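Each chain, letter by letter, is given below.
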Amino acid sequence: MRLRILNSGHTFGTKLLFALIRAVSRQPVLDVIKLVKYRADFYGAPMSRVTQEAMRGPSTWSVADRELMAAFVAKTNQCEFCIKAHSAVAQRAYGSGKNVSAFLSDLETGAVAEPLRATLLMLGKLTREHTLDVEDIQPVLAAGASPQQVEDALAVCFSFNVVGRLADAFGFFVPGREAFDAGAKYLLARGYR
Amino acid sequence: MSDVRQGQTMLVRRILEGDGKASPSERRAAFNNSGLAEPVGTLVDRVAKHAYKVTDEDIAAARESGLSEDQIFEIVVCAAIGQAARLYDTAFAALEAARGRSEHAATNPQ
């Protein structure tokens, strides 16, 4: 990471926690964990509350769908760390019936319901072009997504437009697949708290 | 207000108005991506518009301008949250407009 404080500026208690994570998971501590645990009262704690609500709070989108949205926002932002992290979570959440990686490469051919596809296209435009108007929302509603589902998707988009920017700006290390698989298992079991 | 919006409001209030190592005016400027002197202005603009283009040199230049690592941490966090909040607000306004049109169509059938 580009800031030394994010690698080694944590409190003694947090460093002990990292040692425990390394021992239990047998994987390095992901840089996103180091970020949220650094001066957590400034960013990590309030941001985790927002992300937990968006990703695990009440919604008619499944957890898998919301993780796919996170991965898609990351792909649009070209954030390698977040693409790999949330593709792994989405894949584990959907199970073997869906190929998340193939779907992210081609939204048109993947097996996904129309409301979700239309929602992803809308999130892609917002993230890529930094603008959205009523004409971009109407096709999503026409495809069968409810206004509440659009609102829920925008909440996911908010969180991952923050996290992806920080991952790239701070230069998160991108580990191997095993580390992301361990992270995915944790996020599905415990969420973003 | 939904729990998510309430949480976003608390997050923004914390980073802009709570204790910090960067001044409140620097944090606000980073959040707004406006009014920061170079080289921090370039770093903040990259975080907001295309964070994957941020380089080691951008961070090093911010450090050499006299900012501590804690100040850079806060400024980058504010820049990221500010841009994400603007995107969210733009999209939420579009959603509200779409809801308004649907209600108008429902109450004024042709």
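For clarity, every value in this text was computed on a predicted model and none was experimentally measured. (Residues numbered from 1 in each chain as written. Chains lettered and ligands numbered in written order. Predicted model: local features only at pLDDT ≥ 70, side-chain atom pairs only at ≥ 80, totals over all residues. Heavy atoms only, no water.)

## Quick look at the nonpolar core
Argument step 1. Grouped together as the largest cluster of nonpolar side chains are 96 residues, with contacts concentrated most on Tyr43(A), Phe158(A), Phe170(A), Phe73(B) and Ile81(B).
Argument step 2. Element by element, the count of residues in this core is highest for helix H5 (residues 69-107) of chain B, at 18 residues.
Argument step 3. Not counting residues up to four positions away in its chain, the partners in contact with Phe73(B) are Leu3(A), Ile5(A), Leu6(A), Leu35(A), Tyr38(A), Arg39(A), Phe42(A), Tyr43(A) and Phe170(A). (Core = buried A, V, L, I, M, F, W, Y, C linked by side-chain atoms within 4.5 Å. Buried < 20%, exposed > 50% of the residue type's maximum accessible area, 1.4 Å probe, protein only. Helix = DSSP H or I, 4+ residues; strand = E, 2+ residues; numbered from the N terminus. Contact = heavy atoms within 4.5 Å.)

## Comments concerning the side chain of Asp70(B)
Argument step 1. Mapped onto the elements of the fold, Asp70(B) is located in helix H5.
Argument step 2. The exposure class assigned to Asp70(B) is buried, which follows from its relative accessible area of 14%.
Argument step 3. For Asp70(B), the residues in contact, after removing those within four places along its chain, are Ile5(A), Tyr38(A), Arg39(A) and Lys21(B).

## Looking at the pattern of salt bridges
Argument step 1. This model, assessed by the stated rule, comprises 20 salt bridges over all chains.
Argument step 2. The partner of Arg128(A) in a salt bridge is Glu129(A), and the shortest N-O contact between them spans 3.8 Å.
Argument step 3. What makes Arg128(A) exposed here is its relative accessible area of 51%.
Argument step 4. Two residues, Lys49(B) and Asp45(B), come together in a salt bridge whose shortest N-O distance is 3.1 Å. Here the residue Lys49(B) and the residue Asp45(B) both occupy positions in helix H3 (residues 40-50), the gap between them amounting to 4 residues, near one helical turn.
Argument step 5. The partly exposed category is assigned to Asp45(B), whose relative accessible area is 23%. (Salt bridge = Lys/Arg side-chain N within 4 Å of Asp/Glu carboxyl O.)

## Some points on H3(B)
Argument step 1. Among the residues of H3(B), Val40(B), Gly41(B), Leu43(B), Val44(B), Val47(B) and Ala48(B) are the ones counted as buried. Take H3(B) and look down its axis: the buried residues cluster within an arc of 165°, on one side only. (Arc of directions from axis to C-beta.)

## Some words on the layout of surface pockets
All names here are of chain A.
Argument step 1. Here the largest pocket defines a volume of roughly 1000 Å³.
Argument step 2. If you trace the largest pocket, you find 39 residues lining it, with Ile21, Ile33, Tyr186, Leu187 and Gly191 closest to the centre.
Argument step 3. Elements supplying a minimum of two residues to the lining of the largest pocket: helix H2 (12-25), helix H3 (31-37), helix H4 (44-56), helix H6 (80-94), helix H10 (147-170) and helix H11 (177-190).
Argument step 4. Classifying every residue of the lining of the largest pocket by side-chain character gives 27 nonpolar, 8 polar and 4 charged.
Argument step 5. For the second largest pocket, the calculated volume is near 310 Å³.
Argument step 6. Forming the walls of the second largest pocket are 14 residues, and the residues nearest its centre are Lys84, Ser87, Ala88, Gln91 and Arg177. (1 Å grid on protein atoms, 1.4 Å probe; cavity = no way out; pocket = protein on both sides within 12 Å on 5 of 7 lines; lining within 4 Å. Points joined across faces, edges and corners; volume = space filled by probe spheres on them. Nonpolar A, V, L, I, M, F, W, Y, C, P; charged D, E, K, R; others polar.)

## Describing the packing of aromatic side chains
Argument step 1. Under the criterion given, the structure shown has 8 aromatic pairs over all chains.
Argument step 2. Residues Phe42(A) and Phe73(B) carry aromatic rings whose centres are separated by 5.9 Å and whose planes lie at 50° to one another, so their mutual orientation is tilted. Of the two residues, Phe42(A) is situated in the loop between H3 and H4 and Phe73(B) in helix H5; the pairing between them involves two chains. Of the two residues, Phe42(A) and Phe73(B), neither departs from the other in class, the shared state being buried.
Argument step 3. Chaining the aromatic ring pairs together yields one cluster made of Tyr38(A), Phe42(A), Phe170(A) and Phe73(B).
Argument step 4. For Arg39(A), the ring lying beneath its charged end belongs to Phe42(A), and the centroid distance is 5.4 Å. (Phe/Tyr/Trp six-rings, centres within 6.5 Å; stacked < 30°, edge-to-face > 60°. Lys NZ or Arg CZ within 6 Å of the ring centre and 35° of its normal.)

## Brief notes about the interface of chain B and chain A
Reports often express the size of an interface as the amount of accessible area lost when the parts come together.
Argument step 1. The partner chain A presents 43 residues to the 47 residues of chain B that form the contact.
Argument step 2. Of the roughly 4000 Å² buried where chain B meets chain A, counting both sides, 69% is carbon and sulfur surface.
Argument step 3. The largest contributions to the chain B side of the interface with chain A come from Glu69(B), Phe73(B) and Leu87(B), which together make up 16% of the buried area.
Argument step 4. Connecting chain B to chain A are 15 residue pairs in polar contact (both at pLDDT 80 or more). (Buried area = accessible area lost by both parts, 1.4 Å probe. Polar contact = N/O pair within 3.5 Å; in protein donor to acceptor, adjacent residues only side chain to side chain.)

## Observations concerning the confidence of the model for chain B
Argument step 1. Of the residues in chain B, 97% have a pLDDT of 70 or more, and the chain-wide mean is 94.
Argument step 2. Note on the complex model: pTM 0.95, ipTM 0.96. (pLDDT = per-residue confidence, 0-100.)

## Regarding unusual backbone geometry
Argument step 1. Of the consecutive residues Glu38(B) and Pro39(B), the connecting peptide bond is found in the cis state with omega at 5°.
Argument step 2. By secondary structure assignment, the location of Pro39(B) is in the loop between helix H2 (24-32) and H3.
Argument step 3. A positive phi angle, near 60°, is found at Gln78(A), a position not held by glycine.
Argument step 4. Structurally, the position occupied by Gln78(A) is in the loop between helix H5 (63-76) and H6.
Argument step 5. Take Gln78(A): its relative accessible area is 48%, and that puts it in the partly exposed class.
Argument step 6. Of note, His130(A) is a non-glycine position whose phi angle comes to about 60°, a positive value.

## Regarding the side chain of Asp65(A)
All names here are of chain A.
Argument step 1. Here aspartate 65 is to be found in helix H5.
Argument step 2. We note that aspartate 65 is buried and unpaired, the nearest opposite charge coming from lysine 98 at a distance of 5.4 Å.
Argument step 3. In this view, aspartate 65 contacts Tyr94 and Leu116; residues no more than four positions away in its chain are not counted. (Lys, Arg positive; Asp, Glu negative; His and termini not counted.)

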